[in-house]
Amino acid sequence: MSIKARLLLVLIPAILILFGALLLLSFRQSEHTVLTQINRESYELARAHAREFDILFESSRQVAEGIATSVGSMETLTPESVDLLLQGTFSRNPGIYGSTISFVPDKTPLGRYAPYYCRAAGGDLKFQSLADPAYDYTRWDWFRQPLADGRGHWTEPYLDTGGGDILMTTYAYPVWHKGELVGVATVDIALTELVDRLERFAGRRGGQAFMVTEAGRLIGRSRQVSGQLMSNESFWDIAERSSDPHLKELALLLRDPEPNFVDMTDPYTRRPSLVIDARIESIGWTLAIIAPRDVVLQPLIQLRNTVIPIAVIIVGLIVVLLLAVSDSVTKPLARFLGQTDNYSRGDFAERLAEDKGPREIRRLAGSFNRLGQAILDQIENVKTSTAQKERYRQELMIAADIQRSILPRQFPPFPELQDRLDVYGYYRPAREVGGDYFDFLRLPGGAVGFVVADVSGKGAPAAFFMAMARLLVRAMAGRGYSPAEIARRANHLLFEDNEAGLFVTLLYAEYHPATGRTRLVSAGHNPPVLRRADGRTEEIRPNPGIPLGVMPGAHYEVMELTLAPGDTLVMYTDGVTDIQDAQEEDFGMTRLCDAAGAAPAGDAQAMADAIVAAVSAFAGEQPQPDDITLVTLIRRGGEAAAAGPEGRPEEVIQMVLPARTGVLARVAMMVESAAREAGFIRSEAERIVLAVDEVVSNVIEHAYGPGTAETFELRLGTSDDALRVTVTDYGQPFDFDAASRRYDGHATPDQPVGGIGLFLVREVMDEVRYEPDTVDGNRVTLVKFRKIDDAPAKDEVQD
Amino acid sequence: MQVEVSSIGGKWTILAPQGRVDAHTVDDFETAVRKELAAGARWLAMDLASVPYMNSAGLRVLLIALKAVRPLDGGVVLVRPQPQVQEILEISGFMNIFSVVADTDGLS
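(A) Structural detail: the overall build of chain A. In terms of helices and strands, chain A carries 19 helices and 27 strands. Every one of the 799 residues in chain A was classed for burial, and the buried ones make up 48%. In chain A, of all internal contacts separated by at least 6 residues, the share reaching a separation of at least 24 is 63%. Accessible area for chain A stands at about 38700 Å²; split by element, carbon and sulfur atoms hold 55% of it.

(B) Geometry of the packing of helix H8 (residues 298–344) of chain A against helix H9 (residues 359–406) of chain A. Residues and elements named next belong to chain A. At a closest axis distance of 11 Å, the pairing of H8 and H9 adopts a crossing angle of 5°. When the axes of H8 and H9 are compared, the pair comes out roughly parallel. Taking contact as the criterion, the partners of Ser328, Pro332, Arg335, Phe336, Gln339, Thr340 and Tyr343 in H8 are, on H9, Ile361, Leu364, Ala365, Phe368, Asn369, Leu371 and Gly372. Partitioned by chemical class, the residues of the contact of H8 with H9 number eight nonpolar, five polar and one charged.

(C) Up close: the side chain of aspartate 266 of chain A. Residue and element names in this part refer to chain A. In this structure, aspartate 266 sits in the loop between strand S10 (260–265) and strand S11 (272–280). Its relative accessible area of 2% is what places aspartate 266 among the buried residues. Setting aside residues no more than four positions away along its own chain, aspartate 266 makes contact with Gln208, Arg223, Arg271, Ser273 and Ile290.

(D) Representation of the domain arrangement of chain A. All names here are of chain A. As far as domains go, chain A holds domain 1 (407–635) and domain 2 (651–798). Its C-alpha centre places domain 1 at a distance of 35 Å from the equivalent point of domain 2. Contacts between domain 1 and domain 2 engage nine residues on the former and ten residues on the latter. Carbon and sulfur atoms supply 45% of the area that domain 1 and domain 2 bury against each other, a total of about 820 Å² over both sides. Considering only the surface of domain 1 that becomes buried against domain 2, Arg442, Gly445 and Arg479 emerge as the three largest contributors, covering 50% of it. Counting across the domain 1 and domain 2 interface gives one salt bridge.

(E) Up close: the pairing of S11 of chain A. All names here are of chain A. Counting buried positions along S11 yields seven of nine residues, so the element is predominantly enclosed. Strand direction decides the pairing type here: S10 and S11, joined by six bridges, are antiparallel. Within S11, the position partnered with threonine 265 by the bridge is proline 272. Here S10 folds back onto S11, and the loop between the two strands holds six residues, one of which, arginine 270, carries a positive phi near 65°. Bridge count for S11 against strand S12 (residues 285–292) is eight bridges, and the pairing is antiparallel. What sits directly across from isoleucine 280, in S12, is tryptophan 285.

(F) Broad picture of the environment of histidine 492 of chain A. All names here are of chain A. Within the secondary structure, histidine 492 is located in helix H11 (residues 483–496). You can call histidine 492 partly exposed: its relative accessible area is 36%. Counting along the chain gives 213 residues from histidine 492 to arginine 279, while the straight-line C-alpha distance between them is 139 Å.

(G) Structural detail: the nonpolar core. Among the nonpolar cores identified, the biggest contains 78 residues, and Phe712 and Leu714 of chain A together with Leu44, Met46 and Phe94 of chain B are the most heavily contacted of them. Top contributing element to this core by residue count: helix H16 (residues 682–703) of chain A, with eleven residues. Beyond its immediate sequence surroundings of up to four residues, leucine 44 of chain B is in contact with Trp12, Thr13, Leu15, Val33, Glu36, Leu37, Ala65, Val69, Gly75, Val76 and Val77 of chain B. Counting residues in hydrophobic clusters, the runner-up holds 56 residues, among them Val455, Ala477, Leu506 and Ala509 of chain A.

(H) Quick peek at the sheet that holds strand S8 (residues 208–212) of chain A. All names here are of chain A. The strand order across the open sheet formed by five strands is S9-S8-S12-S11-S10, and the pairing between neighbours is antiparallel. Looking along the sheet, the strands with just one partner apiece sit at the ends: strand S9 (218–219) and S10. Contacting S8, S9 and S12, helix H4 (residues 191–204) crosses the sheet at an angle of about 140° to S8. Against the sheet, helix H6 (residues 245–255) engages S8, S10, S11 and S12, with an angle of about 175° to S10.

(I) Expanded view of the pattern of salt bridges. Residues and elements named next belong to chain A. According to the stated counting rule, one finds 38 salt bridges over all chains in the structure shown. Measuring nitrogen to oxygen at the nearest pair gives 2.2 Å for the salt bridge that ties glutamate 539 to arginine 541. Since its relative accessible area comes to 53%, arginine 541 is described here as exposed. Of the charged contacts in the structure, one is a salt bridge between aspartate 766 and lysine 784, with a shortest N-O distance of 3.7 Å. One end of the pair, aspartate 766, is in the loop between helix H18 (756–764) and strand S26 (767–771); the other, lysine 784, is in strand S27 (residues 778–785), and 18 residues separate them in sequence.

(J) View of the interface of chain B and chain A. Contacts between chain B and chain A engage 23 residues on the former and 29 residues on the latter. Contact with chain A buries area across many residues of chain B, yet Ala23, Lys67 and Ile91 of chain B alone supply 23% of it, more than any other trio. A salt bridge links glutamate 87 of chain B to arginine 687 of chain A; the shortest N-O distance between them is 2.5 Å. If you look at where chain B meets chain A, you find seven residue pairs in polar contact (both at pLDDT 80 or more). For the side of chain B that touches chain A, the secondary-structure elements that each account for two or more residues are helix H2 (56–69) and helix H3 (83–92) of chain B. Considering each element in turn, the side of chain B that touches chain A owes the most residues, seven residues, to H2 of chain B. Classifying every residue of the side of chain B that touches chain A by side-chain character gives eleven nonpolar, six polar and six charged.

So, how was this worked out
- Residues numbered from 1 in each chain as written.
- Chains lettered and ligands numbered in written order.
- Predicted model: local features only at pLDDT ≥ 70, side-chain atom pairs only at ≥ 80, totals over all residues.
- Heavy atoms only, no water.
- Helix = DSSP H or I, 4+ residues; strand = E, 2+ residues; numbered from the N terminus.
- Buried < 20%, exposed > 50% of the residue type's maximum accessible area, 1.4 Å probe, protein only.
- Contact = heavy atoms within 4.5 Å.
- Areas by Shrake-Rupley, 256 points an atom, 1.4 Å probe, with all protein chains shown as cover.
- Axes fitted to C-alpha atoms, helices over the stretch in contact; angles between N-to-C directions.
- Parallel < 35°, antiparallel > 145°, perpendicular 65-115°, else oblique.
- Nonpolar A, V, L, I, M, F, W, Y, C, P; charged D, E, K, R; others polar.
- Domains from an automatic or database assignment.
- Buried area = accessible area lost by both parts, 1.4 Å probe.
- Salt bridge = Lys/Arg side-chain N within 4 Å of Asp/Glu carboxyl O.
- Pairing = 2+ DSSP bridges.
- Core = buried A, V, L, I, M, F, W, Y, C linked by side-chain atoms within 4.5 Å.
- Polar contact = N/O pair within 3.5 Å; in protein donor to acceptor, adjacent residues only side chain to side chain.

Written out as structure tokens, the structure is:
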């Protein structure tokens, strides 16, 4: 059901009931007021009439008695004196219609004498003798009764047939003369005129008036069937006989001596009527007025006829107003409905007018609009965050690529050292991209380096930081710096360019394959575990330095140990020790040592796999919170550590020389000296000299052009097992590879004359690398490894 | 660097560098060789007995000489190279295109 219908359904009956009740109440109240008014008025009027009648009757009685007294006081009764008395009485009492003094025939000298005076039409006095034999006054009740009981009597009303059709009543009083009842004095009162007056009065008020004699005869035209003025039969008898309750009620009412005002049905007209009566005391009659209710209440009905249409109009107006108000509610609702349709279609940009309709509607419209805007914003947010997620995902993919490219993929990483060491690296990321990495490097002088590191943070920034750290460590290690110096320099450089505030914990191990000598440096990293060949394990605790990138000028200390053949160095990140089982207990160092001790010896990968298996078994279904990185290094072959001479760090000679051919002889001497120092036999040394000479000559002749005052840098690094020569110039880079390919060692007389030098270099040296770099200098690196089994002494003998 | 030049039997021109032949000295060697070629020499004997060291720059001069005399039906021989030079000749493959003799006596 619509709001409108509901409003109307509830409000209209309520209004109708309210108005109806109001009207009813007001009608009742006014009816009551009117009736009360009528009551008081009618009662007073009825009483007034009754009293007037009463006075008339009473005065008539007194007149009659006065006449009787006057006659009684006469000395002698003469017709003249009697007539005079009657005439005087008439002139003094205009209300009297007629009067007589009738004498008992044999009691007075007057004999049969009954003079009667009455008012003729026009007011003249008319004489009549009642002693007319046709009338014979002595037979009438009015004469007989007073003589019989000596008291005055009122006669029942009667139609005076003698003097015209006038209804009258007569008071008759006995006349005493000299102690004897001698006659009767009467006074007639004409009722017709009284009744006419009364009926006229009642008729003006829409009612009917009548009187009831003591005997129950009704006087009044309205109450007669035939238009008579008076009924013949007693009303009391009629009511007694009748079965009509209204008739009985009326009779009862009229017989009640008290005045009444009664609302009842008129037994004659059968209409609801008001009945008022009052007693005329002097004669014992009752005066009554009956008025139909509707006639009496005519003003009230007029009022009703006026008020009800007005009420109907008002109710109609209210209904119209209600419709308008409900429209003002439901029409905006239709707008809101349309708006929700817009929203459900996905059109959140539509806006409702916020300045139309009542305040609640305006506020609701504002609320709708804000809702739409909020949804739009939310959609925008979702779009943005989706785009951000996509960017983040791509970033992670890039980072993952970087990491994949960083981690060594080839095992064994140093095939030529397989009889000296076995190394394996394991990496399992926690999520897409972790912060761990490991690295294997070949170092100047024949040693190798191992790195295990954990970069703070995740994602692309961490991956770039990791790549940077890896390159720096590689660069520093490649230049032959000691582990402590590598850490110090890497830290310095990482700190300088570290806006993101990242850092990396790192463990660096420099391992000498010939001797098992190992130099460790820790930059805030987890201590490695040393697993002896017999399965015993111990924690190796290098002085833990500060993670790289945190603090400028940090210093790092090197810890040395020697791996015996079969010993394993287990390096790892905290992802291994910090992983938790279902009881939230860490895997920890103890379990790591146990796992390493229980793992099969002799194979780096098998050992790493065993440890990883132990970690996985421990963690069970628990998520892996961090990357897991593990590097296992096993020393192979050789005698016990005690048997071999302690290795020594690379010794470096570094010099800057003018780029002139005059320095070549000196360079040759220094190179030979260094090569011999490194343990190379003379022929080997000479070949190394040739290679270096070719490179340096090339630099002098081609890098700068003739006649310049430029310099180049020569670095000679000697270690137990290798000579590493680096030549750095700051001139034009050149296509080293192309130049190297110009000669392939098959000499013909027709061949071009270039490219032979570089061919020689490649022939002589184990490693030849060219790294063009216009900033840090183009660098040629030459490495010659000393064959382990070469016995320097043998060669010395030859010299 | 000094290069001693002599001749045997009017056919062979003998050039004997005195000292290291490297980037610093090779110009002297090359100049001497070009001078003899320009003078019409077709048979060159490089006496390397006094050359303790030679690098690719020296090899280049030897190749220049060989290329110059071959169209003239001439020839280049290397005489008495010391071990270092011998080795570079071997490494570089030049032994395939040059003949080496123990001394100048056998030249005719």
